[in-house]
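Inside the fold
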Amino acid sequence: MKRSLSIILLCSFVTLQAFAQGGAGRLEEEAEIVIRKDRKIVLPPATRNFEKIPQLPVNRVATKQSYLFKKFNYSLNPLEPFFQTANYRSSKPATDFTTNYVKAGYGNFGTPYFEGYLGSKKSEDYVFNLYVRHLSSRTGPVFDENSGSGKTEAAIGGKFFNGLNTISGSLNYSQQKVHFFGYNPVLDLTSDAIEQKFSRFSANVGVEKTERDQDLNYSFNTDWVFFSDDLAAKENKFNFDVSADYKLSENIKVSLNALAILSKREDATIDVNRNYLNLQPRLYYTGTGFTLTGGVNFAGDNDSGNGMSIYPVVEGSFSVNTGLRVYAGYEGTVMMNSLESTITQNPFLRAAFDLRNTEKESDIYGGVELDLSKGLRLNAGASLASLNNLQLITNAASDSSRFEILYDDGTTDRLNIFSEINYEQEGQVRSSLRFDFYNYDLSATSPNLAEAWHLPTFKTAFHNTFFPIENLSVTADVYYLGGLKALNGETGEAFDLDDILDLNLGGRYQLNQQFGVFLKLNNLFGTNYQRYLNYPSRGIQFLGGISVSF
């Protein structure tokens, strides 16, 4: 009914409109209106693409997992405890922190400490920096000022990046002061009479390829070092170090490292040029789960009388499964012992001591690296080396407060068994533990070479850094050395030195972005152990201070 009524009304409306438009008294011709309700609007079909989207090519680059197992310094110099604040780690972005800082503190034994770093603003093209550090102790373990020590360092350097290469350079200066305090207590000696100072100035220039992920990599570094002491000893060294490697294919790579050292030593009646060269060509082949390395060390010097020699180098490593690598190798070489490196090991050496390079005729080694779990890695192995001219340190025959170096005229066989474990849980803890066992078999029958003097049988180093709460880092380090034997060349008497156990604790708290405080405690067991005969170490040492970043 409603539908019929709508149609009638519509027809009436159309008729009225036609009548109105035709004028008065005029009738329009009849028209038929057709309404179709079955009409449908039909659209043409849409075009559809059934082709699959092609997958973008993936650049597959073979990566090699490498694990770094640190070697620790066990010298435990009894005169100069090294106070180092723990590295600070925070959840804040690194960009929130400035690079410049100043640290200052004070400790017992009259120990002032200062360290400062000033760097240029961040730039993609260059960086410059200045570094200074001073740490000294007015008194020592015995005889007050007669066993004091100290060291001052300063360096200025920079790097320039031109896209392809990185050019670096630095000027470095350091001065170290010690005293020959291992004398008989009945002697009345002044501090100036037994003082020894070492000065070192060096200039360094280096060039290396910035992006080291291409087929060809290279680097060059030269270091000019001028070293002297108060006993009129001098050593000028000019080091030239060149390295390059080239990837021949996906599996084969070649490399060449070259180290040349030109040096001149003046010490009392000694005036000699000491030159050293070591060329190390290598060929690497990497297969599925294994790597083979072969080459030679063409090494020698001008002061041993042996000239240049060729030492074969072979190594193989095999990945047994994920996280497990087994390796073994053989090598030989010549290791240069300079005046500076020997004094760094023991600063109480007499003037004009005998200085020779150490030849490693052969070294057979092997081990295993194991990734136990996330952040937990193990490295264990052993090596058997045959050494000529191994340095053995004894108290001098002319003065037991100073040391000299003896050498085995034959070959010394050294067995080293080691194990190391590293653990890191980022932001919470970093820990590393290393153990070494050494056995030395000397060929000499002379009584003064009956033992490997002052070389330990056991070494252990345990390093820990904890981050218990935000802005706080804590360090705990333990060192152990055992089996030390010493010979007093003046009396001919041999000694078994007490084992060394050294516990060090430290902490740093960052008050805010600019200010922090730190505290370091060394030798908490308080024992005056002797790393070298007649030279006891300081007992408990502490150092506290503040740091400012800007």
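Figured I'd write up the structure that's included with this text. (Residues numbered from 1 in each chain as written. Predicted model: local features only at pLDDT ≥ 70, side-chain atom pairs only at ≥ 80, totals over all residues. Heavy atoms only, no water.)

Regarding the overall build of the protein
Heads up, the rule is: Secondary structure elements are taken from DSSP: a helix is a run of H or I of four residues or more, a strand is a run of E of two residues or more, and numbering for both begins at the N terminus. In this scheme, a residue with accessible area under 20% of its type's maximum is buried, one over 50% is exposed, and one in between is partly exposed, where area comes from a 1.4 Å probe on protein chains only. Contacts between residues were defined by any pair of non-hydrogen atoms, one from each residue, lying within 4.5 Å. A 1.4 Å probe and the Shrake-Rupley method give the accessible areas. Residues count as covered only by the protein chains that appear here.
Check the secondary structure of the protein and you find 2 helices and 28 strands. When burial is assessed residue by residue, the protein has 37% of its 550 residues classed as buried. Counting only contacts in the protein whose residues sit at least 6 apart along the sequence, the fraction spanning at least 24 positions is 57%. Approximately 31700 Å² of the protein is accessible, and the part contributed by carbon and sulfur atoms is 57%.

Some remarks on unusual backbone geometry
Positive phi values are uncommon outside glycine, yet Phe109 reaches one of about 60 degrees. Structurally, Phe109 is set in the loop between strand 1 (101–107) and strand 2 (111–119). Residue Ala268 is not a glycine yet carries a positive backbone phi of 55 degrees. According to the relative accessible area criterion, Ala268 is exposed, its value standing at 61%.

Things to note about the environment of Val102
By the secondary structure assignment, Val102 is in strand 1. Distance from Val102 to Arg133, taken between C-alpha atoms, is 9.8 Å for residues 31 residues apart in sequence. In this structure, Val102 is in contact with Phe114, Glu115, Gly116, Ile546, Ser547, Val548 and Phe550, ignoring residues within four places of it in sequence.

Thoughts on the pairing of strand 15 (residues 376–388)
How we decide: Pairing between strands requires that DSSP locate at least two bridges from one strand to the other.
Relative to strand 15, strand 14 (residues 358–373) runs antiparallel, the two being bridged by 13 bridges. For Ser373, the partnering residue across the bridge sits in strand 15 and is Leu376. Where strand 14 folds back on strand 15, the antiparallel hairpin that results is connected by 2 residues, among which Gly375 adopts a positive phi of roughly 85 degrees. Summarising the sheet, strand 15 and strand 18 (residues 411–425) pair through 13 bridges and their orientation is antiparallel. Pairing of Leu384 across the sheet is with Leu415, part of strand 18.

A few points about the nonpolar core
As a reminder, the rule being used: Put simply, buried Ala, Val, Leu, Ile, Met, Phe, Trp, Tyr and Cys residues joined by side-chain atoms within 4.5 Å make one nonpolar core.
Among the nonpolar cores identified, the biggest contains 20 residues, and Leu339, Ile343, Phe353 and Phe403 are the most heavily contacted of them. Looking at this core, the elements with two or more residues in it are helix 2 (339–345) and strand 17 (403–406). Dropping the residues within four chain positions of it, Ile343 is found in contact with Phe198, Phe227, Asp229, Leu349 and Phe353. Core analysis: the next-biggest nonpolar cluster, separate from the first, contains 9 residues, Leu390, Leu392, Leu406 and Leu442 among them.

Concerning the pattern of salt bridges
As a reminder, the rule being used: Each reported salt bridge corresponds to a side-chain nitrogen of Lys or Arg within 4 Å of a carboxyl oxygen of Asp or Glu.
For the coordinates displayed, the defined rule picks out 18 salt bridges. For Asp363, the salt bridge is made with Lys360, and the minimal N-O distance between the two is 3.6 Å. Comparing Asp363 with Lys360, the two get one shared label, buried.

A closer look at the packing of aromatic side chains
Quick note on the threshold: Between the rings of Phe, Tyr and Trp (Trp by its six-membered ring), a pair exists once the centres lie within 6.5 Å; its type follows the angle of the planes, with under 30 degrees stacked, over 60 edge-to-face, and the other angles tilted. Criterion for a charge above a ring: Lys NZ or Arg CZ within 6 Å of the ring centre, and within 35 degrees of the ring normal.
Here the structure, examined in full by the defined rule, presents 18 aromatic pairs. A ring pair is formed by Phe201 and Phe226, whose centres lie 6.5 Å apart and whose planes are at 25 degrees; its orientation type is stacked. Placement of the pair is Phe201 in strand 6 (residues 195–209) and Phe226 in strand 7 (residues 216–229), with a sequence separation of 25 residues. An aromatic cluster is built from Phe181, Phe348, Phe403, Tyr532 and Tyr535, whose rings are joined through pairwise contacts. Taking the ring centre of Phe353 as reference, the NZ or CZ of Arg265 above it sits at 5.0 Å.

With respect to the side chain of Asp436
Here is the rule: For the purposes of these results, a polar contact is taken to be a pair of N or O atoms within 3.5 Å, where, inside protein, one atom must be able to donate a hydrogen and its partner to accept one; residues adjacent in sequence count only when each atom of the pair is a side-chain atom.
Tracing the backbone shows Asp436 in strand 19 (residues 429–441). Here Asp436 falls in the buried class, since its relative accessible area comes to 1%. For Asp436, the side chain forms a polar contact with the side chain of Arg434, separated by 2.7 Å.

Concerning a nonpolar patch on the surface
Rules: The residues that make up patches have over 30% relative accessible area and no salt bridge, and they are joined within 9 Å when like-charged or within 5 Å when they are Val, Leu, Ile, Met, Phe, Trp or Tyr.
A contiguous nonpolar patch, built from Leu118, Leu130, Ile156, Leu171, Tyr173, Phe201, Trp224, Phe226 and Phe550 and spanning about 830 Å² of accessible area, is present on the exposed surface. Put simply, the parts of the chain that give the nonpolar patch at least two residues each are strand 5 (165–179) and strand 7. A relative accessible area of 37% means that Phe201 is categorised as partly exposed.

Examining the pairing of strand 18
Pairing of strand 18 with strand 19 involves 13 bridges; the strand directions are antiparallel. If you follow Tyr423 over to strand 19, its bridge partner there is Ser431. The hairpin turn running from strand 18 into strand 19, its antiparallel successor, is 3 residues long, and Gly427 in that turn takes a positive phi close to 85 degrees.

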